[in-house]
Amino acid sequence: MAGTPKKINLCEQSQCTGCMACKQACQSKAIAIKTIDGFAYPEINRDVCKSCGKCMNVCPILNLKGQRGNCHEDTQTCLAAWNKSDDVRIKSSSGGVFSALAEYVLSRGGVVFGAAWDSNMVLRHKAIDRIEDLESIRKSKYVQSDVGETFNQALQYLKAGRIVLYCGVHCQIAGLKSFIGRDYENLYLVDVLCQGVPSPATFRSYLDEIEKEYSSKVVDCDFRNKDKAWKCGLSMYLALKNGAKIRRILSRNEYYNAFYQEFFCRSSCYSCNFKKNKQGFFSDVTIADFWRIGNKIPLPKTVEQKYAKGISAVLINTEKGKSLFEQCSCKIESIERTWNEFSTNGGLYPSSKPIHNDEAKHYLENHNWHETQQQFFPLTQRKKIRNILILTLGEKNIRIVKKILRRILRK
Ligand SMILES: Cc1cc2nc3c(=O)[nH]c(=O)nc-3n(C[C@H](O)[C@H](O)[C@H](O)COP(=O)(O)OP(=O)(O)OC[C@H]3O[C@@H](n4cnc5c(N)ncnc54)[C@H](O)[C@@H]3O)c2cc1C
């Protein structure tokens, strides 16, 4: 019936990804943020709500039916790729593909969105349009990023005819796509393969412990330092206000250890709707670490040499993604690999919720990270030894030793 106010209900809390498309679409400013379990969730202020229904129209979860992402088929192109600049690769999480895509867009007067630390070490999406600012949005930060008003900003740039590249995790890209509501030729969507995002609150509690231990504020956090090698990137570097730099390798890093065992992720991550086995990825290009490259199918010698500085896996999901990737060919080298080789990569499917996840969450409220690790996600001896070997021998040497051992055992 015309004039009847629409019944407004946001999506179920357990499914809400926190993309905040609803909040950004609400012109009455009737959606506030509440924190549950350390994550931000939208909440309607019924006194202000005008029942226009815009929030429901843009919610990627409420509009899942009939939607189909771009990445489904195992026949899809799967590339191994790396930035031709060693310097960029060292400064990136895996092969530095994101930087090449971003540089292309910036060189054409475009705007790039990515996740950066603010002055309080809160991770927020922001827009950059100068190459000098690219560093701040490079690299994976393993915590949920606050998108703020960036969907609205991206839309304004698109309407003004600027090229926009938005990089985020799958649910943020699905949220942006749903928010924008139509195809823009000048919009490139790039997602990073995501095994799940831990809460800003658990990350803050980890930083609080470090700050207490060293009596100084943490001012920067590098989750993927490659001083030793790509896979040693799984050790964290923290910069303190007093100038000190701390390195926390996996065996001494409870936060990382919890992340790798998929603890403390947002509840929607455990049934992520934007994975290959569900709706699929909504991006034009998906980038990931090509962790197990060369394990099943030998790598050409020239590529083997690239290994230590990181190799990305790239899934080309649309024609637009293909054309973007081709435009960057002067900065990226790539070779085709098989899906079979890539498909064992963890982030392709929703994370599995550890049985004691909720218990561990409550335990952490009253105990420190070390005690929580001992109780719920202790490091196995095997992992400890592996990490020490990588750090002492270097990853390349370990691969050589492994190869020799395999040959000997086969004989
Ligand atoms: C939370 C998370 C989980 C991941 N899980 C996996 C996995 O299981 N398997 C796998 O192969 N790869 C995973 N990745 C992707 C991988 O770590 C690299 O980001 C990817 O290979 C791109 O590397 P790069 O060298 O091309 O670019 P980089 O320079 O590393 O760029 C990374 C891009 O991701 C953006 N970004 C960083 N942190 C966040 C965040 N928290 N939320 C949204 N956007 C962010 C940055 O702004 C930048 O645009 C994950 C990334 C994140 C952020």
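Scroll up to find the structure this text is about.
Quick notes on the rules
- Residues numbered from 1 in each chain as written.
- Predicted model: local features only at pLDDT ≥ 70, side-chain atom pairs only at ≥ 80, totals over all residues.
- Heavy atoms only, no water.
- Helix = DSSP H or I, 4+ residues; strand = E, 2+ residues; numbered from the N terminus.
- Rg over C-alpha atoms; globule rule 2.2 N^0.38 Å.
- Buried < 20%, exposed > 50% of the residue type's maximum accessible area, 1.4 Å probe, protein only.
- Contact = heavy atoms within 4.5 Å.
- Areas by Shrake-Rupley, 256 points an atom, 1.4 Å probe, with all protein chains shown as cover.
- Lys, Arg positive; Asp, Glu negative; His and termini not counted.
- Charge placed at Lys NZ, Arg CZ, Asp CG, Glu CD.
- Near = heavy atom within 4 Å.
- Polar contact = N/O pair within 3.5 Å; in protein donor to acceptor, adjacent residues only side chain to side chain.
- Nonpolar A, V, L, I, M, F, W, Y, C, P; charged D, E, K, R; others polar.
- Axes fitted to C-alpha atoms, helices over the stretch in contact; angles between N-to-C directions.
- Parallel < 35°, antiparallel > 145°, perpendicular 65-115°, else oblique.
- Left-handed = near helix turned anticlockwise from the far one by under 90°.
- Core = buried A, V, L, I, M, F, W, Y, C linked by side-chain atoms within 4.5 Å.
- Pairing = 2+ DSSP bridges.
- Patch = residues over 30% accessible without salt bridge, like charges linked within 9 Å, V, L, I, M, F, W, Y side chains within 5 Å.
- Salt bridge = Lys/Arg side-chain N within 4 Å of Asp/Glu carboxyl O.

Novice: So what's going on with the overall build of the protein? Which residues, and what values?
Specialist: Assigned secondary structure in the protein consists of 16 helices and 13 strands. The C-alpha atoms of the protein give a radius of gyration of 22 Å, which matches the 22 Å a tight globule of 411 residues would have. Burial statistics for the protein: of 411 residues in total, 54% are counted as buried. Within the protein, residue pairs in contact and separated by at least 24 positions form 71% of the contacts whose partners lie at least 6 positions apart. Of the roughly 19700 Å² that the protein leaves accessible, carbon and sulfur atoms contribute 50%. Between the centroid of the 63 positive side chains of the protein and the centroid of its 41 negative side chains there is a distance of 4 Å.

Novice: Quick one: what's the story with unusual backbone geometry, residue by residue and with numbers?
Specialist: For D37, which is not glycine, the phi dihedral falls at a positive 55 degrees. Among the secondary structure elements, D37 is positioned in the loop between β1 (31-36) and β2 (39-44). Residue classification places D37 among the partly exposed positions, given a relative accessible area of 47%. Phi is positive for S215, close to 50 degrees, though the residue is something other than glycine. Structurally, S215 is set in the loop between α8 (200-214) and β8 (218-222). When its relative accessible area of 67% is taken as the criterion, S215 is described as exposed.

Novice: Talk me through the site of the ligand; I want residue IDs and the actual numbers.
Specialist: Residues in contact with the ligand amount to 36 residues; listed here are only the nearest, S93, S94, I137, S140 and L193. S94 places a side-chain nitrogen or oxygen 2.7 Å from an oxygen atom of the ligand. A distance of 2.7 Å is found between a nitrogen atom of the ligand and a backbone nitrogen or oxygen belonging to L193. Expressed as a share of its isolated accessible area of 900 Å², the protein-covered part of the ligand is 98%. Among the secondary structure elements, those contributing two or more residues to the shell around the ligand are α4 (97-107), β4 (111-117), β5 (123-128), β6 (164-169) and β11 (285-289). When its residues are assigned to classes, the shell around the ligand shows 15 nonpolar, 16 polar and 5 charged.

Novice: Go over the packing of helix α13 (residues 357-366) against helix α14 (residues 369-376) with me, naming the residues and quoting the values.
Specialist: Axis separation between α13 and α14 bottoms out at 9 Å; the angle between their running directions is 155 degrees. In terms of orientation, α13 and α14 fall into the roughly antiparallel class. As α13 packs across α14, the resulting crossing turns out to be right-handed. Side by side, α13 and α14 meet where E359, A360, Y363 and L364 of the first sit next to W369, E371, T372, Q375 and F376 of the second. Split into classes, the residues belonging to the contact of α13 with α14 amount to 5 nonpolar, 2 polar and 2 charged.

Novice: Break down the nonpolar core for me, with residues and values.
Specialist: Membership of the largest hydrophobic core comes to 39 residues, with the highest contact counts inside it found for F151, Y166, L176, F179, I180, L187 and F274. For this core, the elements supplying multiple residues, two or more each, are α1 (21-25), β2, β4, α6 (150-159), β6, α7 (170-180) and β7 (187-192). The biggest single contributor to this core is α7, with 6 residues. Leaving out residues up to four positions away in the same chain, L187 has contacts with L158, V164, I180, D284 and K320. In terms of nonpolar packing, the next biggest core, distinct from the first, is built from 29 residues, C221, F223, A360 and F377 among them.

Novice: Summarise the sheet that holds β7; cite the residues concerned and give the values.
Specialist: Spatially, β5-β4-β6-β7-β11-β12-β3-β13 is the arrangement adopted by the 8 strands of the open sheet, whose pairing is mixed. One side of each edge strand has no neighbouring strand; the edge strands of this open sheet are β5 and β13 (332-337). Each strand of the sheet is rotated relative to its neighbour by a mean of 30 degrees, with strand direction disregarded.

Novice: Go over the environment of C19, please, and point to the residues and values.
Specialist: Mapped onto the elements, C19 comes out in the segment before α1. Along the primary structure C19 and P42 are separated by 23 residues, whereas in three dimensions their C-alpha atoms are 9.3 Å apart.

Novice: How would you explain a nonpolar patch on the surface if you had to name every residue and give the values?
Specialist: A cluster of nonpolar residues, I400, V401, I404, L405 and I408, forms a patch on the protein surface that exposes about 440 Å² of accessible area. Structurally, the position occupied by I400 is in helix α16 (residues 395-410). We classify I400 as partly exposed; its relative accessible area is 43%.

Novice: Go over α7 with me, naming the residues and quoting the values.
Specialist: Within α7, 10 of the 11 residues are buried, which leaves it mostly tucked inside the rest of the structure. Residues of α7 that are buried: H170, C171, Q172, I173, A174, G175, L176, S178, F179 and I180. Phi turns positive one or two residues past the end of α7, at G181, with a value near 75 degrees.

Limitation: the analysis is restricted to geometry and does not speak to function.
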